[in-house]
Each structure stands twice: as C-alpha cells, then as structure tokens.
Amino acid sequence: MSLHFELVTPARLVRSEEVFMVEVPGSEGNFGVLEGHAPFMSTIQDGALRVYRSAGAAPEDIRITGGFAEVSEKGLTVLAEHVEG
C-alpha cells in the first residue's frame, strides 16, 4: 500500500515518491493522507509536512510556507510557495 506524493514549488519539483502517509498542515488544521483518500483540495499554512515512508516509521519533517494541497486518484500533490532545505 503506497501513496504517490509530489512536493512542488513554483520553481521546481522538489519530491516525487511513493510513501505510506503524509500529514499536511492545512489551514483548517493538520490532516493525514493515505492511499485511497477521498479527493479534495485545501489551502495550507506555514509548518511541517510529516512524511512517513512506511507504516510505523519515524516521520521526516519538511518545512513549507503557504500553498495548496490536492488529493486526487493519482495521490497527493502539495504546491508550496517555499520549501526550506
């Protein structure tokens, strides 16, 4: 079971990979996305994306600034204004 995850900025593709789960800092609160999640869009607030590569794995935090998240049948795409690192 895997989720296709892409992290992009206006300038470049930062990540494109298969992961177990991603926790997104949504403007209405954090939300987790697993494979098969219902489609939707959300604005995101400044904070950390938490990327879990496998079930039970420790998360990797990626600091992002603003943007949008879209969940579709293809997976999760996060368009961030800025990604640290």
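Computed from a predicted structure; not experimentally measured.

Asker: Talk me through the overall build of the chain; I want residue IDs and the actual numbers.
Answerer: For the chain, the helix and strand inventory stands at 0 helices and 8 strands. What you see in the chain, going N to C, is helices and strands ordered as β-β-β-β-β-β-β-β. Computed over its C-alpha atoms, the radius of gyration of the chain comes to 11 Å, within 12% of the 12 Å expected for a compact globule of 85 residues. Oriented by its inertia axes, the alpha-carbon framework of the chain measures out at about 30 × 25 × 25 Å. For the chain, the proportion of its 85 residues judged to be buried stands at 38%. Considering only contacts in the chain between residues 6 or more positions apart, those separated by 24 or more positions represent 45%. Carbon together with sulfur atoms contributes 51% to the accessible area of the chain, which is approximately 4,800 Å² in total. In the chain, 6 positive and 13 negative side-chain charges are present, and the distance between their average locations comes to 6 Å.

Asker: Which residues make up a nonpolar patch on the surface, and what are the values?
Answerer: On the surface, Met41, Phe68 and Leu79 cluster together to form a nonpolar patch covering roughly 310 Å² of accessible area. Turning to its location among the elements, Phe68 is positioned in strand β7 (residues 60-72).

Asker: Outline the environment of Thr43, supporting the account with residue identities and numerical values.
Answerer: Residue position: Thr43 is located in strand β5 (residues 40-43). By relative accessible area, which is 37% here, Thr43 ends up partly exposed. Taking the C-alpha atoms as reference, Thr43 lies 7.6 Å from Gly66; in sequence the two are 23 residues apart. With sequence-adjacent residues up to four places away left out, Thr43 is seen in contact with Gly26, Ser27, Gly67 and Phe68.

Asker: So what's going on with the environment of Val33? Which residues, and what values?
Answerer: Inspection of the secondary structure puts Val33 in strand β4 (residues 29-34). On a C-alpha basis, the gap between Val33 and Phe5 in space is 9.7 Å, while along the polypeptide they are 28 residues apart. With sequence-adjacent residues up to four places away left out, Val33 is seen in contact with Leu3, Phe20, Met21, Val22, Val71 and Leu76.

Asker: Hey, could you go over the environment of Ile62 for me, with residue numbers and the actual values?
Answerer: Within the secondary structure, Ile62 is located in strand β7. Take Ile62: its relative accessible area is 6%, and that puts it in the buried class. Beyond its immediate sequence surroundings of up to four residues, Ile62 is in contact with Leu7, Arg15, Gly47, Ala48, Leu49, Val51 and Val83.

Definitions and limits used
- Residues numbered from 1 in each chain as written.
- Predicted model: local features only at pLDDT ≥ 70, side-chain atom pairs only at ≥ 80, totals over all residues.
- Heavy atoms only, no water.
- Helix = DSSP H or I, 4+ residues; strand = E, 2+ residues; numbered from the N terminus.
- Rg over C-alpha atoms; globule rule 2.2 N^0.38 Å.
- Buried < 20%, exposed > 50% of the residue type's maximum accessible area, 1.4 Å probe, protein only.
- Contact = heavy atoms within 4.5 Å.
- Areas by Shrake-Rupley, 256 points an atom, 1.4 Å probe, with all protein chains shown as cover.
- Lys, Arg positive; Asp, Glu negative; His and termini not counted.
- Charge placed at Lys NZ, Arg CZ, Asp CG, Glu CD.
- Patch = residues over 30% accessible without salt bridge, like charges linked within 9 Å, V, L, I, M, F, W, Y side chains within 5 Å.
- Salt bridge = Lys/Arg side-chain N within 4 Å of Asp/Glu carboxyl O.

The analysis is restricted to geometry; functional conclusions fall outside its scope.
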